[in-house]
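Topology and contacts: notes
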Amino acid sequence: MDLQKRDETLFINGEWVRGSGELILTPIDPTTGDALGRLETASADQVEGAAQASARAFADWKVTASSERAAYLRGFAKGLATRQERLVDVQMRNNGKPRVEAEIDVGDAIATFKYYAGLADTLDACQDARVDHAGGDHIGMVRREPVGPVGMIVPWNFPLVTSAWKIAPALAAGCTAVMKTSEMTPLAELVYGEIAQEIGLPPGVLNIVTGAMEVGVALTGSRAFRKISFTGSNMVGAKVMAAIAPRCLPLSLELGGKAPIIVTEDVDINHAVDCIIGGIFFNAGQMCSASSRLLVHGSIEAKLIEALLAKTETLVTASPFAETCDMGPMTARAQYIKVREYLARAQADGLDCVTGGISKETIGNFVVPTIYRNVPHDNPVWIEEIFGPVLATTRFETDEEALALANATEYGLVGTVVSADEARAKTLANGIEAGQIWINTPQVVYPDSAWGGFKCSGIGRELGPWGLAGYQGVKHITCAC
Ligand code: NAD
C-alpha cells in the first residue's frame, strides 16, 4: 500500500510543497525496523510562511458562516471515512497498532469532526446572547469570537486523534491553524492536507508542516499566532511555555500522567481485571492516560493479582499483522529503550516482577506486558510516567489511604475506580484529583467528554464545549440602548 502519496510533505496555503528543512525524516515500522519512506521537513522560513498564510486566511474564515464551517468539518469526517483502510494500514505500520486499535483511532477522529460540525451549526445563532444587567440602564451582549491563528504541536501515540481534537474545534470556532506533526509518525496526518484540498477548504485555513524539534521551535517563535496548543511530554511542554512566555501568548497544554486505578474489595474480579488490562496494555501502554498504578484493597489483593496474571499471560505481543495480536511493539525505538531502562532499573532494585520484565533485545520494539507487585512508593516505577506496558501495584486498607496514595503524584490527568458500591465509587471518584474519571469501565472517551489535566498534567480542556471554548475569546458588549 502506498503510505506516502507524494514527494511534497508540507501543506501550506492550500498547496503541497517540498520541504527545504535540513532534516529528512525516515519514519520506521516498529515491528521490523524498516524505513517506511523519506520525508522532507519544513525550514524555519517555511514554518513562518505557513503561519503567515494562516494569519491571512483568518480574516475571511472568522466571518464565514458557522454553518459553512460545519459543512467543511463534515467534509473532513467523510474524507477520513473514505480513506479508512489506508489510515488503518498507516497506523499499523508506523505506530505498530493492532488493527482493532487503529480502527478505533480512525473512528474517534471521524466522531470528533462530526461532533464539532454539530456545535458549529448552532454557533452563529448563539452569538450576542443578551444579559440584563441588574440595577443599570444598560443591556449586555456576549459574543464568542475565535482567538485567531493557532500553532498546534502533537505527539506520536494517537496521531490522527490528538490532531483531530485540535483541528476540529479550532476550525469550528473560526480559527485557522498550522499543525506540526510528530517526527515519529508524520504519515497519518498528511491526510488532513489531502482532505482540505479535496473539499476546497480556503487556502491557509489549515496548514500541515512536518519536522522535529526545530520546526516546533520555529512554530512557537512565530508572531503570527494568537495561541499555541500543545500535546506532549511535560519536559517539552515546559519549553513551549518558556518560548512563548515573553509574549504572554495563550497556551493550552495536554501533558503526561501517572494514573491510579482503585479496586475495592467488593468487585467482580474478572470485570476488574478487564478494566486494569484495558487501562494499561491498550496501545502498548503508550497513553498519557495509562492506568499505570493499581491500588487494590488488601483483602482481595492476592486473588486479583492471580486473576490479572492469568489474563495478562494470555495476551499476545506480536506484529499487528499477525493472525493474533493483542499488543504491538512500542512505536519509537527511543521509547523502547527508555522502557527497557525502567525494566532494568526495576530488576536492579529487586522489584517483585510477577510477569514480563526485561528480556533479550529484539529488532522490533517489543516489550511484553509487565507487572510489578507491591512496589515501594518511592520507586521510579511507581512515581514516573513510563509510557509503556508496565503496571505497578500496591495495596490499601481504607479508602482514605487509597485516595492519599492515588493523589500523591504531580500528575492529575485521569483516574479509574472499580467498585460494586455506587456511592462509594462516586466518593472515591470525587476524591481523585484528575480531569477524567472512569467508574467501572475500561477507558472510553466521547467527543463530548472533557479531556485535560489537573496539576502538572496540563492547562485547559480539549473535547466537548470546553474544547471549542479553548479557541474562543469572550467579548462582552455593554450598550446604552
Ligand atoms: P514530546 O514532548 O517529546 O513531543 C511532542 C511534540 O513536541 C513533537 O511533535 C515534537 O517534535 C515537539 N517538540 C519537541 N521539542 C520541541 C520544542 N523545543 N518546541 C516545540 N515543539 C517541540 O512528546 P512525545 O514523546 O511525542 O509524546 C509522549 C508524551 O505526550 C507523553 O508524555 C504523553 O503523556 C504526552 N501525551 C499527552 C496527551 C494528553 O492528552 N494529555 C496525549 C498524548 C500524549
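Quick summary incoming for the structure in this document. (Residues numbered from 1 in each chain as written. Predicted model: local features only at pLDDT ≥ 70, side-chain atom pairs only at ≥ 80, totals over all residues. Heavy atoms only, no water.)

Counted under the stated rule, the structure contains nine aromatic pairs. An angle of 55° between the planes, with centres 6.3 Å apart, marks the rings of phenylalanine 76 and tyrosine 192 as tilted. Here tyrosine 192 lies in helix α6 (residues 190-198) and phenylalanine 76 lies in helix α2 (residues 66-82), a separation of 116 residues in the sequence. Per residue, the accessibility class of phenylalanine 76 equals that of tyrosine 192, and both read buried. An aromatic cluster is defined as three or more aromatic residues linked by ring pairs; in this entry it consists of Phe76, Phe113 and Tyr192. (Phe/Tyr/Trp six-rings, centres within 6.5 Å; stacked < 30°, edge-to-face > 60°. Helix = DSSP H or I, 4+ residues; strand = E, 2+ residues; numbered from the N terminus. Buried < 20%, exposed > 50% of the residue type's maximum accessible area, 1.4 Å probe, protein only.)

A separate point is the pattern of salt bridges. This structure, assessed with the given rule, holds 24 salt bridges. Among the salt bridges present, the one from glutamate 198 reaches arginine 83, with a minimum N-O distance of 2.6 Å. Here glutamate 198 is found in helix α6, whereas its partner arginine 83 is found in the loop between α2 and α3 (84-94), with 115 residues between them in sequence. Assessed through its relative accessible area of 52%, glutamate 198 is described here as exposed. (Salt bridge = Lys/Arg side-chain N within 4 Å of Asp/Glu carboxyl O.)

Around the ligand, a shell composed of 28 residues is seen, among which Val154, Glu183, Ser233, Leu255 and Glu385 lie nearest. With respect to the ligand, the side chain of glutamate 183 contributes an N or O atom lying 2.6 Å from an oxygen atom. One of the side-chain N or O atoms of glutamate 385 is found 2.6 Å from an oxygen atom in the ligand. Burial of the ligand by the surrounding chains reaches 90%, relative to a free accessible area of 860 Å². Elements that contribute at least two residues to the shell around the ligand include exactly α7 (213-221), β10 (227-231) and α8 (234-244). By residue class, the composition of the shell around the ligand is 15 nonpolar, eight polar and five charged. (Near = heavy atom within 4 Å. Polar contact = N/O pair within 3.5 Å; in protein donor to acceptor, adjacent residues only side chain to side chain. Areas by Shrake-Rupley, 256 points an atom, 1.4 Å probe, with all protein chains shown as cover. Nonpolar A, V, L, I, M, F, W, Y, C, P; charged D, E, K, R; others polar.)

So yeah, pure geometry; function would need other evidence.
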